[in-house]
Amino acid sequence: MRRFGGFLCSLCIHAVFCLSWTVPAWLLLALHFWKGWSLAWFFAALGLWLLAVFLKTLIFSLLAKGASAPEPRTVNRNPYSKKTQELFKKTR
């Protein structure tokens, strides 16, 4: 079964949590209308915010995948459980 969401869902949720980081972009948009500054500054700040959110989400997802790696199987050395494992192997 596939997990719900994935990377895109995590990116959207992280973007919502980081909306306060867009304040400089909105100030640049206000300066565009008030002082006539270039609109490119607004889009540059918004793009920088989106890049930062994307990279942070990518790092978090890579760290989460590395932390949930399965452990390798080890040899069972318990003499009491070895007999039951051999019994189950014979019945299968």
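Just above sits the structure.
Residues numbered from 1 in each chain as written. Predicted model: local features only at pLDDT ≥ 70, side-chain atom pairs only at ≥ 80, totals over all residues. Heavy atoms only, no water.

Notes on the overall build of the chain
The helix and strand tally for the chain stands at four helices and zero strands. When the helices and strands of the chain are read in sequence order from the N terminus, they spell out α-α-α-α. Across the 92 residues in the chain, those meeting the buried criterion constitute 14%. The long-range fraction of contacts in the chain, counting pairs at least 24 apart against all pairs at least 6 apart in sequence, stands at 61%. When the accessible surface of the chain is split by element, carbon and sulfur atoms take 70% of a total near 8,400 Å². (Helix = DSSP H or I, 4+ residues; strand = E, 2+ residues; numbered from the N terminus. Buried < 20%, exposed > 50% of the residue type's maximum accessible area, 1.4 Å probe, protein only. Contact = heavy atoms within 4.5 Å. Areas by Shrake-Rupley, 256 points an atom, 1.4 Å probe, with all protein chains shown as cover.)

Quick look at the packing of aromatic side chains
If you walk through the whole model with that rule in mind, you get three aromatic pairs. Taken together, a centroid distance of 5.4 Å and an interplanar angle of 50° make the contact between Trp26 and Phe42 tilted. Pair noted here: Trp26 is in helix α2 (residues 23–35) and Phe42 is in helix α3 (residues 39–67), with a separation of 16 residues, a long-range link. A network of ring pairs unites the aromatic residues Trp26, Phe42 and Phe43 as a single cluster. (Phe/Tyr/Trp six-rings, centres within 6.5 Å; stacked < 30°, edge-to-face > 60°.)

As for a nonpolar patch on the surface
On the surface, a nonpolar cluster with roughly 610 Å² of combined accessible area is contributed by Phe7, Leu48, Leu51, Phe54, Leu55, Leu58 and Leu62. For the nonpolar patch, the element with the highest residue contribution is α3, accounting for six residues. Along the polypeptide, Leu48 turns up in helix α3. Judged by its relative accessible area of 58%, Leu48 falls in the exposed class. (Patch = residues over 30% accessible without salt bridge, like charges linked within 9 Å, V, L, I, M, F, W, Y side chains within 5 Å. Salt bridge = Lys/Arg side-chain N within 4 Å of Asp/Glu carboxyl O.)

Section: the packing of α2 against α3
Contact geometry of α2 with α3 gives a least axis separation of 8 Å together with a crossing angle of 170°. By the angle between their directions, the pair α2 and α3 is classed as roughly antiparallel. Each of Ala25, Trp26, Leu28, Leu29 and His32 in α2 lies in contact with α3, whose residues at this interface are Leu39, Trp41, Phe42, Ala45 and Leu46. Broken down by class, the residue content of the contact of α2 with α3 amounts to nine nonpolar, one polar and no charged. (Axes fitted to C-alpha atoms, helices over the stretch in contact; angles between N-to-C directions. Parallel < 35°, antiparallel > 145°, perpendicular 65-115°, else oblique. Nonpolar A, V, L, I, M, F, W, Y, C, P; charged D, E, K, R; others polar.)

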